[in-house]
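# Survey of secondary and tertiary structure
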Amino acid sequence: MPFAVEQLKSVATEQLSKSETIKLRNKHIGQACQLFYRSDPLKIVRGQGQYMFDEEGTRYLDCINNVAHVGHCHPEVVMAGAMQMATISTNCRFLHDELVQCAKTLTSKMPSSLSVCFFVNSGSEANDLALRLARNFTKRQDVITLDHAYHGHLQSVMEVSPYKFNMPGGEKKLDYVHVAPCPDIYNGQITDKMYPDADLAKLYAQPVEDICKNQVAKGQGVAAFIAESLQSCGGQILPPPGYFKAVYEAVRSNGGVCIADEVQVGFGRVGSHYWAFETQDVVPDIVTVAKPMGNGHPVGAVVTTQEIAQALQATGVPYFNTYGGNPVSCAIANAVMRVIDQEGLQQNAKKLGDYLLDECQQLKKEFECIGDVRGVGFFVGIELVQDRDARIPDTKSARWVVNRMKQVHKVLVSSDGPNDNVIKLKPPMCFNRENADEFLMTFRECLTTLMQDKLVAAVDAAKAKANDRITSAAADTLANKTKLLERHDRLIKSV
């Protein structure tokens, strides 16, 4: 592997202890910047493939890092970035082959109508630009988003991210932002349990159609509907089949455009397709991509139609981004897309994703605490519940499992969703059968231990309750005997 000797030397000569690193972070990094495993954060100093290593050399299986899409420090990606950095890295307002080659490859993997690229540095920037394009094209302001959605940290995209603005202390929802229900058929507003024979796609699409009609009636209309093709922070949500088709039709018939946020789920993660929106058989007007595109390097893009792109040009206000699409970023993105194809990583996601889902369904049969298993490819959610029939979320157990997986088994998973009770799996695409079996074995151990602990707690509670009843009965008996003795004593004294 390139730079392996230098990499190991760097680890060996690590200057700061973990406690010193934490101390400096607490002093100089904003306290709002959160860490994984906040009570006992990991200090990761090296990564390779699907593994990460801490300062002591402990290896962790990475089941959540969808940023390192083709694997941490993939040799071809590292070499592409290093070679380009050693050649030239400059402002994007010069001609460069890596930029146009990246655009050509990216658009070749999209539906033919999506043929124009704008390069940016992150998913947040991509979604910000997508909103700008939509508003410029439609000459409208209002945006429809989904409940629990997350689209980035810029002000413009925080405004359309209920995952953030609904938090305690979050900013108030603005009047031009309209929130439709998240199409969660397991634990959302409309579930398969409530309506077992209904067209759930139609029921969930209706609120979007209602918003559009209300806006048109007010003479305002909507600029855009924006949604993650598969909602991740919302709890690994797969919309019911036909949902996006119905929504897109409603939005477009009322003059709006449709934005697909593929920042977390694109580039073959779903296995069956290169883009997650393809699983719903729709073609968006604008697509945003980032995270996996650079395998950890900050690069993203907005892909749209000629018509929408030309509308921005017609304003006379030029678009430029100093670093978005720079030669190094594009060389890395080109390498990532080559690796996905050359190593068959999309096909790997399909094969192993199916295996993971099947095995998790078997676990569901064994453990009552698993309420739902859902996913596609390397995008899997396991929802933990207190009561399967009532579908009561079990936040405490999900957090316990996440911490035990890390502390005992050295396997990294995370939890998310509105109730933070969904175990998320979004591993690097090089995840293999051995890794899948390791996750399944350790997850089974955690669930077994969890159920045993709950059983012991229930038995102890029952014993305590029984003891309380015995104590109470004994007290009643003693009280009754006391009353009898007092009566007997009064009778004796009265004779």
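Quick caveat, the model's predicted, so the values are computed rather than measured.

## Here's the deal with the overall build of the protein
Secondary structure summary: the protein contains 14 helices and 16 strands in total. Classification of the 495 residues of the protein by burial places 49% in the buried group. Sequence separation of at least 24 residues holds for 71% of the intrachain contacts in the protein that already meet a minimum separation of 6. For the protein, the accessible area works out to roughly 24,000 Å², and carbon and sulfur atoms hold 54% of it. Of the charged side chains in the protein, 53 are positive and 56 negative; the average position of the first set lies 5 Å away from that of the second.

## Considerations on the state of the cysteines
Following the criterion strictly, the structure yields zero disulfides and no others. Distance from the sulfur of Cys360, which forms no disulfide, to the nearest cysteine sulfur (Cys63) is 10 Å. Cys369 takes part in no disulfide bond, and the closest cysteine sulfur, belonging to Cys446, lies 11 Å away. Owing to a relative accessible area of 4%, Cys369 belongs among the buried residues under this scheme.

## Some remarks on the confidence of the model for the protein
Across the protein, the average pLDDT comes to 92, with 92% of residues at or above 70. Here residues 488–495 is a poorly scored stretch, pLDDT under 50, and it has zero contacts once near neighbours within four places are set aside; other chains count.

## Side note on the pairing of strand β7 (residues 224–228)
Summarising burial for β7: five of the five residues are buried, a large majority. Burial along β7 is two-sided: the residues Ala224, Ile226 and Glu228 and Phe225 and Ala227 are all buried. Across two bridges, strand β5 (residues 143–146) lies against β7 in parallel orientation. Paired with Val143 across the strands is Ala224, a residue of β7. As paired strands, β7 and strand β8 (residues 257–261) are joined by five bridges and run parallel to one another.

## A word on the packing of aromatic side chains
One pass over the full model with this rule turns up 12 aromatic pairs. On the basis of an interplanar angle of 55 degrees and a centroid distance of 5.9 Å, the ring pair of Phe244 and Tyr248 is categorised as tilted. You can see Phe244 and its partner Tyr248 sitting in helix α9 (residues 243–253), four residues apart, about one turn around the helix. Residue classification places Phe244 among the buried positions, given a relative accessible area of 2%.

Calculation criteria
- Residues numbered from 1 in each chain as written.
- Predicted model: local features only at pLDDT ≥ 70, side-chain atom pairs only at ≥ 80, totals over all residues.
- Heavy atoms only, no water.
- Helix = DSSP H or I, 4+ residues; strand = E, 2+ residues; numbered from the N terminus.
- Buried < 20%, exposed > 50% of the residue type's maximum accessible area, 1.4 Å probe, protein only.
- Contact = heavy atoms within 4.5 Å.
- Areas by Shrake-Rupley, 256 points an atom, 1.4 Å probe, with all protein chains shown as cover.
- Lys, Arg positive; Asp, Glu negative; His and termini not counted.
- Charge placed at Lys NZ, Arg CZ, Asp CG, Glu CD.
- Disulfide = S-S within 2.5 Å.
- pLDDT = per-residue confidence, 0-100.
- Pairing = 2+ DSSP bridges.
- Phe/Tyr/Trp six-rings, centres within 6.5 Å; stacked < 30°, edge-to-face > 60°.

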